[in-house]
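Each chain, written out:
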Amino acid sequence: MAVLLLAGCGDDAPQGDAPASSPATAGETTVAPGGQAGSDQQADLSFEDQSGDGSSAVVDTVSAPQGGFVVVTVDEDDRPDDGTVLGSTQVQVGTTDDVEVALEPALTEDTDLEATLFADTDGDGEFDQDADQPVPEPVSGSDDADDSADDSDVVDDGAGYTVG
């Protein structure tokens, strides 16, 4: 099994790699030798309440151990018939602050949103809701609530969005 990794990012990245602020593309992936993982980093994200014109949402911090996507949906607890993908953006390996996700359609009313970290499961560099899978929440030995068999334990966070 091959493991796909994004080119390094950050201040200590070797010369020639994409700058930390540039989006990753499928053309910037490399295969790790011997099945090594791309990062020792724990998957995590932080999504805080915010306000704006409804055209985009900002995820405060994303920590991705492999390349993938941040996907913003309407929180299903807010509207049980929803969960509609409003937008996605690609993220590189590492920690990225202030990840802006364009929302389509733009929000016209106050809404509870959810941001979820997805792996680029099919490796094509584009978010595919049917093929790409949410990243499982890291299992900690001290948290009895963690259950790796529970599909609801994914890296996500909710936030309220106020239009205006």
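Now for a look at the structure at hand. Position labels on residues start from 1 in each chain and follow its written sequence. Residues qualify for local features only when their pLDDT is at least 70, as the model is predicted, and side-chain atom pairs are given and counted only at 80 or more; totals for whole chains, interfaces and linings, by contrast, use all residues. To obtain the side-chain values, all non-hydrogen atoms of the structure were included, while hydrogens and water were left out.

Secondary structure follows DSSP: runs of H or I at least 4 residues long count as helices, runs of E at least 2 residues long count as strands, and numbering of each begins at the N terminus. For the protein, the count of helices and strands is zero helices and ten strands. The classification of residues rests on relative accessible area computed with a 1.4 Å probe and restricted to protein chains. Under 20% of the type maximum is buried, over 50% is exposed, and intermediate values are partly exposed. For the protein, with 164 residues in total, the buried portion stands at 36%. In this analysis, two residues are considered to be in contact whenever any of their non-hydrogen atoms come within 4.5 Å of each other. If you take every contact in the protein between residues at least 6 apart in sequence, the share linking residues at least 24 apart comes to 63%. Every accessible area reported is derived by Shrake-Rupley at a probe size of 1.4 Å, with residue values counting cover from the shown protein chains alone. Surface accessibility of the protein: about 9200 Å² in total, with carbon and sulfur atoms responsible for 44%.

What follows covers a negative patch on the surface. The patches reported here contain residues having more than 30% relative accessible area and no salt bridge. Joining distances are 9 Å for like charges and 5 Å for nonpolar side chains (Val, Leu, Ile, Met, Phe, Trp, Tyr). Here, a salt bridge means any Lys or Arg side-chain nitrogen found within 4 Å of an Asp or Glu carboxyl oxygen. Positive charges come from Lys and Arg, negative ones from Asp and Glu, while His and the chain ends are left out of the count. In this description, the location of a charge corresponds to atom NZ of lysine, CZ of arginine, CG of aspartate or CD of glutamate. Residues Glu48, Asp49, Glu76, Asp77 and Asp112 make up a contiguous surface patch of negative charge. Its location among the elements puts glutamate 76 in the loop between strand 6 (68-74) and strand 7 (85-91).

Below, the discussion takes up the sheet that holds strand 7. DSSP-based pairing: two strands are paired if at least 2 bridges between them are found. What the five strands build is an open sheet, ordered 4-10-9-6-7; its pairing is mixed. Each edge of the open sheet is held by one strand with a lone partner, namely strand 4 (50-52) and strand 7. Across the sheet, the axes of successive neighbouring strands diverge by a mean angle of 30 degrees, strand direction being ignored. Bridge analysis of strand 4 against strand 10 (residues 156-163) gives three bridges, and the strand direction is parallel. Pairing of serine 51 across the sheet is with threonine 162, part of strand 10. Angles run from 0 to 180 degrees between N-to-C directions of axes, and those axes are lines fitted to C-alpha atoms, restricted for helices to the stretch in contact.

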